[in-house]
Amino acid sequence: WWLAGAGQILLLGSLFEFLRQVVLNETVSPAWYYPLAPIAAFVALPFFAAIWLAQKPDVAQQTGKTLAALGQVYQLVAGLLALAWVFEYVPARDRVWALMLVGGGLFFWAGWRQSRQALWASGVFTGIGFLVLWGNLESPAIVYVPNLFAELLVLAQQQAARRFPNHLAVSEATHNTTMIVGGCSLGLLVSRWVLLESGGFYLTVAWAALALAIFAVGFGLRERMYRWLGLAVLACALGRVVAYDVWKLETLHRILSFMALGAVLLVLGFLYSRYQERIRPWL
C-alpha cells in the first residue's frame, strides 16, 4: 500500500507537468508522444486495479467501493487529458474526424466490454467533434473527406446500438438525437461543398438528391426519424426554389433545379402509392 501511495504521488506530479507544459504552455510543448504517458497511466491503473481486486475478494470487500470510485475519477481525468492532447497536437482541420474516431473506438470498446463509462466517454468525444464541426461553419476546411467518413461512422454506431441493445443500452431519445445531428451535419457538408464548387447554383439539386438518399436509408433501415429528416430537407429545397431559384438563377440552372426536385417528388410519390400498406406501420 505504501508503494501504491508513492505511485499516486508520482502520477500527480506527471499530471501537474502535463497541465503546465501542454495546457498552460508555460514552456515549449514536448513532442506529441510524451504527453501520452500520463493519459495511458490514468487509463491503465483502474483497469489493472479491477483485475487485481478480482483476485483478492477479501480486499475487494473492504476497499472495493473506494477503489472503484477512485478508478472512475482516474478515467475522467484521462478523458480530459486526452481532449487537451487533441486540441494541442492535432491540426485544426483534422480535429473533427480525430475526435469522432476516438469516440468510435470507445463505442466499440463499450459494446465489447458492456461498459457504461466507455459509452458515456464515446458520446462526449463524438459530441465535441460535432461542436467543433458546427463551430466552424464558415470555414472551407470542414469540407474534408475524413469528416464525411467520420459522420458516417457515427451513424453506423447508432445502427449498431439499435441492432445490439443488450451490449449497447441506448435510449430512444439518444437514437433520434444521433440521427438528427448526424443527418444535419451531413447536409451541412454537402451544402458547403456545393457552395465552394459552384457558388450555390446547384444547391437545390444537391438538397433534392440528399433528401432522396435520406428517404432511401429511412426505408431500408425502417427508421422513422430518417424519413422525417428527408421531408425536412425536401421542404428546404422547395422553399429555396420558391424564394431564390425562380428569381435569381439563370434559365438553365432554374430548369435543372425544377427537374431535380420534380424527379425526387415523382419517385417519392410512386414509392408511397406503391408500398403504402407496408409504409403505413412505419410512419
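Report on the accompanying structure. Note that the coordinates shown come from a computational prediction; the quantities given were computed from them, not determined experimentally.

1. Things to note about the overall build of the chain
- Along the chain, the regular secondary structure elements total 11 helices and zero strands.
- Ordered by position from N to C terminus, the α and β elements of the chain give α-α-α-α-α-α-α-α-α-α-α.
- The burial tally for the chain puts 35% of its 283 residues in the buried class.
- For the chain, restricting intrachain contacts to residue pairs at least 6 apart in sequence, the fraction spanning at least 24 positions comes to 69%.
- Total accessible area on the chain is roughly 16,700 Å²; 70% of this is exposed by carbon and sulfur atoms.

2. Notes on the pattern of salt bridges
- Across all of its chains, the model carries three salt bridges by this definition.
- Here Arg20 ties to Glu17 by a salt bridge, and the two come within 2.8 Å at their closest N and O atoms. Taken together, the residues Arg20 and Glu17, both in helix H1 (residues 2–23) and three residues apart, mark about one turn of the helix.
- Given the relative accessible area of 23%, Arg20 is considered partly exposed.

3. Some remarks on unusual backbone geometry
- If you check the backbone angles, Gln114 has positive phi at about 55° while not being a glycine.
- By the secondary structure assignment, Gln114 is in the loop between helix H4 (95–113) and helix H5 (116–134).
- Take Gln114: its relative accessible area is 48%, and that puts it in the partly exposed class.
- The phi dihedral of Arg222 is positive, around 60°, even though this residue is not glycine.
- As for its position among the elements, Arg222 is in the loop between helix H8 (203–221) and helix H9 (224–248).

4. Overview of the side chain of Gln159
- With respect to the helices, strands and loops of the structure, Gln159 is situated in helix H6 (residues 145–163).
- With a relative accessible area of 11%, Gln159 lands in the buried category.
- A polar contact of 2.9 Å, which involves the side chain of Gln159, links it to the side chain of Glu223.
- Residues in contact with Gln159, not counting those within four places in the same chain, are Leu221, Glu223 and Tyr226.

5. Here we look at the packing of H5 against helix H7 (residues 172–198)
- The contact between H5 and H7 brings their axes to 11 Å, and the two run at 30°. It follows from the interaxial angle that H5 and H7 lie roughly parallel. The handedness of the crossing between H5 and H7 comes out as left-handed. For the pair formed by H5 and H7, the contact residues are Phe130, Leu133 and Trp134 on the first element and Val181, Gly182, Cys184, Ser185, Leu188 and Leu189 on the second.
- Here the contact of H5 with H7 is built from residues that sort into seven nonpolar, two polar and no charged.

6. So, a nonpolar patch on the surface
- Taken together, the side chains of Phe47, Phe48, Ile51, Trp109 and Trp112 define a hydrophobic patch exposed on the protein surface, amounting to about 560 Å² of accessible area.
- Within the residue set of the nonpolar patch, elements represented by two or more residues are helix H2 (36–55) and H4.
- A total of three residues in the nonpolar patch trace back to one element, the largest contributor, which is H2.
- Take Phe48: it is sitting in helix H2.
- Residue Phe48 is classed as exposed on the basis of its relative accessible area, which comes to 52%.

Cut-off values and rules
Residues numbered from 1 in each chain as written. Predicted model: local features only at pLDDT ≥ 70, side-chain atom pairs only at ≥ 80, totals over all residues. Heavy atoms only, no water. Helix = DSSP H or I, 4+ residues; strand = E, 2+ residues; numbered from the N terminus. Buried < 20%, exposed > 50% of the residue type's maximum accessible area, 1.4 Å probe, protein only. Contact = heavy atoms within 4.5 Å. Areas by Shrake-Rupley, 256 points an atom, 1.4 Å probe, with all protein chains shown as cover. Salt bridge = Lys/Arg side-chain N within 4 Å of Asp/Glu carboxyl O. Polar contact = N/O pair within 3.5 Å; in protein donor to acceptor, adjacent residues only side chain to side chain. Axes fitted to C-alpha atoms, helices over the stretch in contact; angles between N-to-C directions. Parallel < 35°, antiparallel > 145°, perpendicular 65-115°, else oblique. Left-handed = near helix turned anticlockwise from the far one by under 90°. Nonpolar A, V, L, I, M, F, W, Y, C, P; charged D, E, K, R; others polar. Patch = residues over 30% accessible without salt bridge, like charges linked within 9 Å, V, L, I, M, F, W, Y side chains within 5 Å.

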